[in-house]
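Notes for the structure review
Here is what each chain is made of, one letter per residue.
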Amino acid sequence: TDDTAEKLARNVRNGFDQAGALAGRDFVDFATNRNAVLDREAARSDAATYALSLSADEYLRGGAALRNYLATATDDALCIEIRAGDNRWVYPRVIRLGGPWRYAGTVHEVVVADGRDPTAFATVPGVWIEHHVPDEERRMLAILDRHIPLLREMVGENPDDPRALAMLGLSLADVMPLFSEGHAR
């Protein structure tokens, strides 16, 4: 959806020595694509124990503290503090590969496993994910073009889903500036 793959390839060409893999996949929805990555990674013969989930415009802070914590961790999932402006919350972003956790929801996907509370896990100290949106108009256009159609589909399939209804409402509110600023859509 952006130039991330190009940036990663450029870093590798310029001698950036970082473990990991880059793979492409057609977009289906957010949960389906995240689950496909978890499955692909868990099946690798050299698979890591855990997967860290980051979205576009997110940056991991405290990577050394995370690596140190994971060296002795035994949890199925670990929460990381998320920071977006003045807002702070914790959410499982480190998931044991091959474990019970899966993503659900076509947009604003959540981590689920057999009815367990995803926020009941330990929060890794000294580690956070910073969500920074450098181009607000680009973010709003992505919400308009990708999120809202998927959320409308979710509501159409289950009109009583309170989470889908709330996310659709919030997403529609997010893109209102596009219409007040004279953007033709």
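Refer to the structure presented above.
Report on the accompanying structure.

Reading guide: rules and limits
- Counting from 1, residues in each chain are numbered in the order their sequence is written.
- Given that the model is predicted, a residue must reach a pLDDT of at least 70 before its local features are reported, and side-chain atom pairs must reach 80 or more before they are shown or counted; all residues, however, enter totals for whole chains, interfaces and linings.
- Hydrogens and water are ignored here; the side-chain numbers use all heavy atoms of the structure.
- Pairing of aromatic rings covers Phe, Tyr and Trp, the last through its six-membered ring, and needs centres within 6.5 Å; plane angles under 30 degrees mean stacked, over 60 mean edge-to-face, and all others mean tilted.
- Relative accessibility under 20% of the residue-type maximum defines a buried residue, over 50% an exposed one, and the middle range a partly exposed one, all with a 1.4 Å probe and only protein chains included.
- Any Lys NZ or Arg CZ that is within 6 Å of a ring centre and within 35 degrees of that ring's normal is treated as a charge sitting over the ring.
- Between Lys or Arg on one side and Asp or Glu on the other, a salt bridge is scored when a side-chain nitrogen of the former is within 4 Å of a carboxyl oxygen of the latter.
- Where helices and strands are cited, they refer to DSSP runs of H or I of at least four residues and of E of at least two residues respectively, numbered from the N terminus.

Some points on the packing of aromatic side chains
What characterises a pair of aromatic rings is the spacing of the ring centres plus the angle enclosed by the ring planes. Taken as a whole and assessed by the stated rule, the structure comprises two aromatic pairs. Here Phe27 and Phe30 contribute two aromatic rings whose centre-to-centre distance is 5.0 Å and whose plane-to-plane angle is 70°, an arrangement assigned as edge-to-face. Take Phe30: its relative accessible area is 21%, and that puts it in the partly exposed class. Arg34 extends its terminal NZ or CZ atom over the ring of Tyr103, reaching a point 5.5 Å from the ring centre. Here the guanidinium or amino end of Arg83 rests over the ring plane of Trp128, the centre of that ring lying 4.0 Å away.

A look at the pattern of salt bridges
Applying the stated rule across the entire model yields nine salt bridges. Across the salt bridge formed by Arg102 and Asp39, the nearest N and O atoms sit 2.7 Å from each other. Placement of Arg102 in strand E5 (residues 102-104) and of Asp39 in helix H2 (residues 30-43) is noted, with a sequence separation of 63 residues between them. The class for Arg102 is partly exposed, based on a relative accessible area of 31%. Asp39 gets classed as partly exposed once you look at its relative accessible area, which sits at 41%. The partner of Glu81 in a salt bridge is Arg83, with the nearest N and O atoms 3.1 Å apart. Judged by relative accessible area, Glu81 falls into the partly exposed class, the value being 22%. Taking relative accessible area as the criterion, Arg83 reaches 25% and is therefore assigned partly exposed. Each of the salt bridges in this network shares a partner with another, and the network as a whole consists of Arg40, Glu41, Arg44 and Asp46.

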